[in-house]
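For reference, the chains in residue letters:
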Amino acid sequence: GARFRSAPRALELRGAGNLPGAEQSGHIAAVGYDLFCKLRAKAVRPVKGDGGTYREPAYLAVDLPGGIPGDYVSDGREKFRLFRRLASAEDEAALDDLARELEDRFGEVPGDVQRLVLSQRVRLRAGRVGVVRIDPAERPGVVLRVPEGSDALERLRHGGLPLTPLAPDAAFLAAAGAEGPVQILEAVCERLARTAANGPGRPS
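Each chain has its residues counted from 1, following the order in which its sequence is written. The predicted nature of this model means local features are confined to residues of pLDDT at least 70 and side-chain atom pairs, given and counted, to a pLDDT of 80 or more, with totals for whole chains, interfaces and linings taken over all residues. Each side-chain value is derived from all of the structure's non-hydrogen atoms; neither hydrogens nor water enter the calculation.

A.B. asks: Explain the pattern of salt bridges to me, and be specific about the residues and the numbers.
C.D. replies: A pairing counts as a salt bridge when a side-chain nitrogen of Lys or Arg comes within 4 Å of a carboxyl oxygen of Asp or Glu. In total, this model carries 15 salt bridges according to the counting rule given. Close ionic contact of R100 with D97 constitutes a salt bridge, the shortest N to O distance being 2.4 Å. Highlighted residues: R100 and D97, both in helix α4 (residues 92–106), separated by three residues, approximately one helical turn. Among the residues examined, D97 registers a relative accessible area of 43% and is labelled partly exposed. Shared partners join several salt bridges into a network, and the residues in it are E78, R81, R85, E101 and R105. Runs of H or I in DSSP of at least four residues are treated as helices and runs of E of at least two as strands, each being numbered from the N terminus. Each residue is assigned to one of three classes by its accessible area relative to the maximum for its type, calculated with a 1.4 Å probe on protein chains only: buried under 20%, partly exposed between the two thresholds, exposed over 50%.

In structure tokens form, the structure reads like this:
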């Protein structure tokens, strides 16, 4: 019975194959977890009919330690599922639903998990306005990067985001007074939300 017991775990780790087709998908370790989630979401999105409106979350290069402590969620398989749902949340509504679910099921959300949620929220907000990468900076703030030739930075400036140009595809966003990566990303997250509310326009 060992093969039968290992089959659900293998399915969980490897996936069911090429999701729209019949080929094997290969082991998750071959591409990494984050890329695996992106590839899976990209394969499913056209079937759901929302391929034309979705914006890929930005890559977050800022070091923000986080996790799901064993004394919060003890079951390894459940912890893996929660990691997967956090990393693959495609909008803030799904992220908020998951945060509420965590509190309902396991109690008050610890700081490590809150940092995971913050990371994904920043990625979603940045991606929605055309940012593809968020890098750390030497002073409080981050460097926002957009695709070459994109006018996303100009749109963000018109939306009220106080950006300092560094290159045609990069700009510095200050987080004055913030100490440490958590406060910096909280400030960035808030500013991105206000800018989106002001209507910077869709990135090209």
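From this point, the narrative continues.
A.B. asks: Give a detailed account of the nonpolar core, specifying residues and quantitative values.
C.D. replies: Working definition of a nonpolar core: buried Ala, Val, Leu, Ile, Met, Phe, Trp, Tyr and Cys residues. They are joined through side-chain atoms within 4.5 Å. Counting 27 residues, the largest nonpolar core has V131, I134, V142, L144, L163 and L185 as its most contacted members. The greatest single-element share of this core, amounting to five residues, is contributed by helix α7 (residues 180–198). Any two residues whose heavy atoms approach within 4.5 Å are treated as being in contact. Apart from residues lying up to four places away in sequence, I134 is in contact with A58, Y59, L60, A61, V62, V122, A126, V142, V143 and L144. Residues Y72, L95, V109 and V117 belong to the second largest nonpolar core, which totals 14 residues.

A.B. asks: Now, about the sheet that holds strand β4 (residues 163–167): what can you tell me, with residues and values included?
C.D. replies: Strand order in the open sheet formed by five strands is β1-β2-β3-β5-β4, with mixed pairing between adjacent strands. Edge strands, defined here as strands with exactly one partner in the open sheet, are β1 (59–60) and β4. Strand pairing is defined by DSSP finding a minimum of two bridges between the two strands. Both strand β3 (residues 141–145) and strand β5 (residues 170–174) contribute to a ladder of five bridges, which runs antiparallel. From the neighbouring strand, V142 faces β5, where its bridge partner is L173.

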